[in-house]
Amino acid sequence: MDISGFFPFWDKIDARDRETLGSAANVRHVAEGDVLEPGRDNCTGLILIGGARLRVFILSEEGREVTLFRLGPGDVCLLSASCMFQGVSFDINIIAEKGGEIAIIPTRVYKTISDRSAPLANFTNQIMAERFDSVMWLIEQILWKSFDARLAEFLLDEAELENSDSLGITHEQIAYHLGTAREVVTRMLKYFVGEGYVALARGSVTLTDKEALRKIAGK
C-alpha cells in the first residue's frame, strides 16, 4: 500500500522522514465489524484508509452510540492518535463498517516527524479542523433539527454512499448513527411508510420517494 497519496505535500517532506513514515506504516486488512480503537487507553496511531470504511463514534454510559463521522478510501483518521495532543482526553470508538486495507503509522513515529516537519504539522492541523467542523455540525443537527429531517437526511446520505436506494440496514443501526433509541427510529420509519416515502423489509429500508425525503431534510 503506497502511503504517499494520503499526503498531498509528500514531496515537501524530508526524504529521510518519508522513508521513516513508509517503513513504519503497518499495512493490514480489517474485516467488517473489527474494532480498531477501544478508548482513550489505547492510542492506535494515524490510520490511512485504503479500501475499508470506518465509523468513528462515542458511547454513553447508558450504552447509546452516536456516530461522529465515517471515513472511506483515501481518508485519514487522526483521532486514533489523539494521545499526541495535550488536553485531548475522551473516549472514541472506531469500527470497520466495510472490510478492506488500512495502514497504521504509530503515534510516536508520526508525532516525532510532525514536530519537526512544518508541512506535516500543517496537515495535522487541517485534519483536526475538518473533524472538529464535522462534530460541530453534528451537534447542531442534534440540538436544532427535528428528528424526521435528520432521519430523512441520513437515509439520503446512505443511499448516495451505497449507490443504491435499497439499504441493508436495521432500525437499531440507524439509531446508533443518529444517537437515539431504536423505538424512535421505528416509529418515524412507520410514518414514512404510511406517507409512501420508504418501504420496509426485514433488515432493509428502500427509499421510494426521494424527492419527498429531500424536502423533509431541507435539501
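Refer to the structure presented above.
So, here is what we can say about the structure in this document. Residues take numbers from 1 onward in each chain, read along the sequence in its written order. Only residues with pLDDT of at least 70 get local features here, since the model is predicted, and only at 80 or more are side-chain atom pairs given and counted; chain-wide, interface and lining totals rely on the full set of residues. Calculation of side-chain values draws on the structure's entire complement of heavy atoms; hydrogens and water are dropped beforehand.

Next up on the list: the packing of aromatic side chains. In this analysis, rings of Phe, Tyr and Trp, with Trp reduced to its six-membered ring, are considered paired at centre separations within 6.5 Å, and the interplanar angle assigns stacked below 30 degrees, edge-to-face beyond 60, and tilted for intermediate values. Applying the stated criterion across every chain, the model contains six aromatic pairs. On the basis of an interplanar angle of 65° and a centroid distance of 6.0 Å, the ring pair of Phe7 and Phe9 is categorised as edge-to-face. Three labels apply to residues, based on accessible area from a 1.4 Å probe with only protein chains included: buried if under 20% of the type maximum, exposed if over 50%, partly exposed otherwise in between. The exposure class of Phe9 is buried, given its relative accessible area of 10%. Counting every residue linked through ring pairs, the aromatic cluster contains Phe7, Phe9, Trp10 and Phe123. Charge-over-ring contacts are defined here by two conditions on Lys NZ or Arg CZ: a distance within 6 Å of the ring centre and an angle within 35 degrees of the ring normal. Positioned over the ring face of Phe57 is Arg55, at 4.3 Å from the centre of the ring. We note Arg131 situated over the ring of Phe69; from NZ or CZ to the ring centre the distance is 5.3 Å.

Turning our eyes to something else, we now look at helix α7 (residues 210-217). Numbering of helices and strands runs from the N terminus; a helix is a DSSP stretch of H or I covering at least four residues, while a strand is a stretch of E covering at least two. Every buried residue belonging to α7 is among Ala212, Leu213 and Ala217, and all of these are buried. For α7, the arc enclosing every buried residue in end-on projection is 135°, short of the 170-degree limit, so these residues lie on one face. Note on α7: the residue one or two positions beyond its end, Gly218, has a positive phi of about 80°. The arc in question is traced by the directions running from the helix axis to the C-beta atoms.

Okay, the sheet that holds strand β6 (residues 76-77) next. Spatially, the four strands line up as an open sheet ordered β1-β8-β3-β6, and their pairing is antiparallel. With partners counted over all chains shown, the strands left at the sheet margins are β1 (26-30) and β6, one partner each. In the sheet, strand β3 (residues 46-49) pairs with β6 via two bridges, with the strands oriented antiparallel. Each residue of the ladder has a partner; that of Leu48, found in β6, is Val76. Note on pairing: two strands pair once DSSP finds at least 2 bridges between them.

Any carboxyl oxygen of Asp or Glu that lies within 4 Å of a side-chain nitrogen of Lys or Arg is treated as forming a salt bridge with it. Within the structure shown, the criterion is met by 13 salt bridges. Ionic pairing is found between Asp14 and Arg16, a salt bridge with its closest N-O pair at 3.4 Å.

This part takes up the sheet that holds strand β9 (residues 166-167). Judged by pairing direction, the sheet is antiparallel, and its three strands sit side by side in the order β9-β11-β10 without closing on themselves. Lying at the two open borders of the sheet, with one neighbouring strand each, are β9 and β10 (198-201). Of the strand pairs in this sheet, β9 and strand β11 (residues 204-207) are connected by two bridges, and their pairing is antiparallel. Residue pairing in the sheet places Ser166 in a bridge with Thr206 of β11. The strands touched by helix α6 (residues 182-195) are β10 and β11; relative to β10, the strand with the most contacts, the crossing angle is about 125°. Two residues form a contact once any of their heavy atoms are found within 4.5 Å. Axis lines are fitted through C-alpha atoms, for helices just across the contact stretch, and the angle between N-to-C directions can take any value from 0 to 180 degrees.

With that settled, the discussion passes to the environment of Gly45. In this structure, Gly45 sits in the loop between β2 (35-37) and β3. A residue is classified by how much of its surface remains accessible, and Gly45, at 0% relative accessible area, is buried. For the pair Gly45 and Lys98, spaced 53 residues apart in sequence, the C-alpha to C-alpha distance is 20 Å. In this view, Gly45 contacts Cys77, Ser80, Ala81, Ile104, Ile105, Pro106 and Thr107; residues no more than four positions away in its chain are not counted.

Moving on to the environment of Val35. Note on placement: Val35 falls in strand β2. Put simply, Val35 and Ile94 are 59 residues apart on the chain and 5.9 Å apart in space, counted from C-alpha to C-alpha. In contact with Val35, other than residues within four places in its own chain, are Ile94 and Ile95.

The next thing to look at is a nonpolar patch on the surface. Patch membership is restricted to residues that have no salt bridge and whose relative accessible area is over 30%. Joining uses 9 Å for like charges and 5 Å for the nonpolar side chains Val, Leu, Ile, Met, Phe, Trp and Tyr. Accessible areas in this description were obtained via Shrake-Rupley with a 1.4 Å probe; residue shielding takes into account the shown protein chains only. A contiguous nonpolar patch, built from Phe132, Met136, Ile139, Leu143 and Trp144 and spanning about 590 Å² of accessible area, is present on the exposed surface. When you line up the elements, Met136 lands in helix α3 (residues 118-144). Here Met136 falls in the partly exposed class, since its relative accessible area comes to 33%.

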